[in-house]
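These are the residues of each chain, in order.
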Amino acid sequence: MAAHTVDVVIIGGGPAGAAAARLLATWGHSVQLLTKTVDRSRSLGESLPPSCRKLFDLLGATDAIDAAGFLASSGNTVWWGDQTTRTASFADGSTGLQVVRCEFDAVLLRLAAEAGARVVTDAHVHDARLAPADVPPGPAGATVTYAIADTGTHVVEGRFVLDCSGRAGVIARHGYRVHDVGCATLALTAVWTRHDGWDLDDDTHTLVETYDDGWAWSVPVTVSRRYVTMMVDPRVTDLERGGALSACYEAELAKTVAFRRVLDRATRETTPWGCDASLYHARTAGGPGMLLVGDAASCINPLSSYGVKKALASAWLAAVVVHTSLTNASLAAVALDLFNQREREMHTALSNQAARFFAEAAAQHLHPFWTGRATSAELSDAPDATPTVDIDALRRDPAVLAALDTLRRGAAIRLRRGDHLRIAARPALTTREVVLENRLILPSWPDTKQGIRYLRNVDLVRLVELAPDHRQVPDLFEAYTRRCAAVSLPDFLGALSVLLAKGALRHDPT
Ligand SMILES: Cc1cc2nc3c(=O)[nH]c(=O)nc-3n(C[C@H](O)[C@H](O)[C@H](O)COP(=O)(O)OP(=O)(O)OC[C@H]3O[C@@H](n4cnc5c(N)ncnc54)[C@H](O)[C@@H]3O)c2cc1C
């Protein structure tokens, strides 16, 4: 079996794989994407929030996705914890999308191929062998073996391999994956139709209803067609004792109140099918020449409707890390660390968000299904996300207000670098590269643990460098705007006050 070598082999053609393939091919790399034949009858209807649009833009996919004509959704209708109907519209009248996943994925795969990636849609990957980590990087970081029904077994080598195979975790399952305790979930789904409307305030809404030992979820994909899913703990159904899936689905649906009302005059179009929706995460999301991307790295609760968005964001980050590693080997290790850190942060933030919802439901449904999920999420040992600067807290900080007052009074300034200030290079992301940028590090300001460069677009490093050379604030402002991108005077004064209050700069009267 002769193998050919490409820059990047991508396993899996869901949103993560297709997005990474499109970006890397657009940036000039040779890419081969291998994905299994899709079973369209098992494809889910899924909700994508309005904020996905930024990622579609980044991929250059917005026009193609708009042209595909997916149903636009204005928000959610929820019965969470009790039978009070809560209707929430997306902010500012924005709309999300309700997609049948095989159709959405096909759009992204077409865009990946158009960008130059070699997309093979009937390839079952059996094995991905990584080059030993202690061997200096060679032309191939991984050897991937796959089968195509008509032509047998094939091999491709990649300088990089991305595991984008979702829950299957072709590489992720080999020692990387940790299953979240207490979160075993089975999704039982069927498609329903009703042609005279659903008696909802807005028929485009995603619906969610909790009950004592599960929750129901429904995504419309046209105004008359909805996917209706029951999320259950498989251990408390009779499925493991050989119970019939259809009967289990109907029994769970019978526990709902609002959903039964909505489906009262609807017809179930398909027999229900099941898919695992249990949660997991990876100990580490990558190593030399290999990254776990999207659901291969971690699976968050579908409740958030952020799975596809997370997969696209993860794909962009992976593409940036691969591009950096292939074009500037000296930054490969830094880029890999950044990928691991960001993946962990993304997973932690979304898990914490789900934990808050679980705790709310657990207060109403005193059942192990909910209390177990609320507890296991609380006990998550994932590290906290990198702290972000709290602008509102700075606006109220007495030391910042005092410094602002002094600056506004127009007295002469004589500024020096603070004794404890360090300026150090830290990794940062541009649209397609990991770069090192100088940042301020201040032990007295814990929010800036990873260093800080900008505050409301004011470049703090440049400001610290320029400040000692000027005796009047207007002169300093003028010098700053001449050298750096324009900022407003209030933002400039605010940033300078923060630098003084936090000890990055100090008045030196001598
Ligand atoms: C019940 C349920 C409801 C959900 N609802 C939503 C929702 O409303 N909104 C939302 O944003 N997210 C939702 N999600 C989450 C969302 O489906 C995932 O987060 C998303 O699909 C992750 O994308 P991915 O590309 O990482 O993985 P996937 O979409 O799983 O793609 C993996 C790809 O790899 C391929 N593959 C697997 N094994 C192999 C192999 N051996 N060889 C070749 N190819 C292989 C698969 O065929 C597939 O194409 C839901 C999930 C579940 C379980």
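Residues numbered from 1 in each chain as written. Predicted model: local features only at pLDDT ≥ 70, side-chain atom pairs only at ≥ 80, totals over all residues. Heavy atoms only, no water.

**Digging into the sheet that holds strand E7 (residues 96-100)**
Then, number 1: Strand order across the open sheet formed by three strands is E3-E7-E4, with antiparallel pairing between neighbours. Two strands bound the open sheet, and with one partner strand each, they are strand E3 (45-48) and strand E4 (71-73). Adjacent strand axes in the sheet meet at a mean angle of 30°, parallel and antiparallel pairs treated alike.
Then, number 2: Packing against the sheet, helix H4 (residues 101-114) makes contact with E3 and E7, and its axis sits at approximately 100° to E7. (Pairing = 2+ DSSP bridges. Helix = DSSP H or I, 4+ residues; strand = E, 2+ residues; numbered from the N terminus. Axes fitted to C-alpha atoms, helices over the stretch in contact; angles between N-to-C directions. Contact = heavy atoms within 4.5 Å.)

**Here we look at the nonpolar core**
Then, number 1: Leu162 and Leu291 are the most contacted members of the largest nonpolar core, which has 77 residues in total.
Then, number 2: The leading source of residues in this core is helix H7 (residues 307-327), at 13 residues.
Then, number 3: Leu394, Val473, Phe477 and Ala495 belong to the second largest nonpolar core, which has 35 residues in total. (Core = buried A, V, L, I, M, F, W, Y, C linked by side-chain atoms within 4.5 Å. Buried < 20%, exposed > 50% of the residue type's maximum accessible area, 1.4 Å probe, protein only.)

**Points about the packing of helix H1 (residues 15-26) against H7**
For any two helices packed against each other, one specifies the crossing angle of their axes together with the interaxial distance.
Then, number 1: Following both chains from N to C, one finds H1 and H7 inclined at 35°, their axes separated by 8 Å at the closest point. Every pair of crossing elements has a handedness; the one defined by H1 and H7 is right-handed. On H7, the residues that touch Pro15, Ala16, Ala19, Ala20, Leu23 and Leu24 of H1 are Val308, Ala311, Leu312, Ala315, Trp316, Ala319, Val322 and His323.
Then, number 2: Tallied by class, residues from the contact of H1 with H7 come to 13 nonpolar, one polar and no charged. (Left-handed = near helix turned anticlockwise from the far one by under 90°. Nonpolar A, V, L, I, M, F, W, Y, C, P; charged D, E, K, R; others polar.)

**Some points on the domain arrangement of the protein chain**
Then, number 1: By domain assignment, the protein chain separates into domain 1 (4-71 + 97-179 + 278-328), domain 2 (186-276) and domain 3 (391-507).
Then, number 2: Using only C-alpha atoms to locate each centre, domain 1 and domain 2 end up separated by 30 Å.
Then, number 3: Opposite the 17 residues of domain 1 that make contact, domain 2 presents 17 residues.
Then, number 4: Where domain 1 packs against domain 2, one counts one salt bridge.
Then, number 5: When the shortest N-O distance is used, the salt bridge between Asp276 and Arg167 registers 3.4 Å.
Then, number 6: Only E3 and E7 provide two or more residues apiece to the side of domain 1 that touches domain 2.
Then, number 7: The class makeup of the residues in the side of domain 1 that touches domain 2 is six nonpolar, eight polar and three charged. (Domains from an automatic or database assignment. Salt bridge = Lys/Arg side-chain N within 4 Å of Asp/Glu carboxyl O.)

**Observations concerning the sheet that holds strand E12 (residues 177-179)**
Then, number 1: Pairing in this open sheet of three strands is antiparallel, and the strands run E12-E19-E22 from one edge to the other. With partners counted over all chains shown, the strands left at the sheet margins are E12 and strand E22 (298-299), one partner each.
Then, number 2: Relative to E22, strand E19 (residues 280-282) runs antiparallel, the two sharing two bridges. Note on E22: the bridge partner recorded for His281 is Ser298.

**Some thoughts on the packing of aromatic side chains**
Then, number 1: Under the criterion given, the structure shown has ten aromatic pairs.
Then, number 2: Between the NZ or CZ atom of Arg177 and the centre of the ring of Tyr280, over which it lies, the distance is 3.8 Å.
Then, number 3: Stacked on the ring of Trp198, the Lys or Arg Arg226 has its end atom at 5.3 Å from the ring centre. (Phe/Tyr/Trp six-rings, centres within 6.5 Å; stacked < 30°, edge-to-face > 60°. Lys NZ or Arg CZ within 6 Å of the ring centre and 35° of its normal.)

**Considering the site of the ligand**
Then, number 1: Neighbouring the ligand are 32 residues, the closest being Glu46, Ser47, Arg101, Asp295 and Val308.
Then, number 2: Between the ligand and the protein, one listed contact pairs a nitrogen atom with a backbone N or O atom of Lys36 at 3.2 Å.
Then, number 3: Side-chain polar atom of Glu46 to an oxygen atom of the ligand: 2.8 Å apart, as the coordinates give it.
Then, number 4: Relative to its free-state accessible area of 1,000 Å², the ligand is covered by the protein chains to the extent of 88%.
Then, number 5: Those elements that provide at least two residues to the shell around the ligand are H1, E3, strand E9 (123-130) and H7.
Then, number 6: Viewed by domain, the shell around the ligand spans two of them, domain 1 (4-71 + 97-179 + 278-328) and domain 2 (186-276), each represented by three or more residues. (Near = heavy atom within 4 Å. Polar contact = N/O pair within 3.5 Å; in protein donor to acceptor, adjacent residues only side chain to side chain. Areas by Shrake-Rupley, 256 points an atom, 1.4 Å probe, with all protein chains shown as cover.)

**With respect to helix H14 (residues 489-501)**
Then, number 1: With 13 residues, H14 extends 18 Å from end C-alpha to end C-alpha; this agrees with the ideal 18 Å at 1.5 Å per step.
Then, number 2: By the burial criterion, the buried members of H14 are Phe492, Leu493, Ala495, Leu496, Ser497, Val498, Leu499 and Leu500.
Then, number 3: Gly503 sits one or two residues past H14 and shows a positive phi near 85°. (Expected span 1.5 Å × (residues − 1).)

**Details of the packing of H1 against H4**
Then, number 1: Between H1 and H4, the shortest axis-to-axis distance is 8 Å and the interhelical angle comes to 15°. In terms of orientation, H1 and H4 fall into the roughly parallel class. When the axes of H1 and H4 are compared, the crossing they make is left-handed. Counting all contacts with H1, which are made through Pro15, Ala18, Ala21 and Arg22, the residues of H4 involved are Arg101, Phe104, Asp105, Leu108, Leu109, Leu111 and Ala112.
Then, number 2: Looking at the contact of H1 with H4 residue by residue, the classes come out as eight nonpolar, no polar and three charged. (Parallel < 35°, antiparallel > 145°, perpendicular 65-115°, else oblique.)

**Remarks on the confidence of the model for the protein chain**
Then, number 1: Counting all residues, the mean pLDDT for the protein chain is 92, and 95% of those residues have values of 70 or more.
Then, number 2: Low confidence marks residues 379-385, where pLDDT is under 50. Its contacts with residues over four positions away, or in another chain, come to four contacts. (pLDDT = per-residue confidence, 0-100.)

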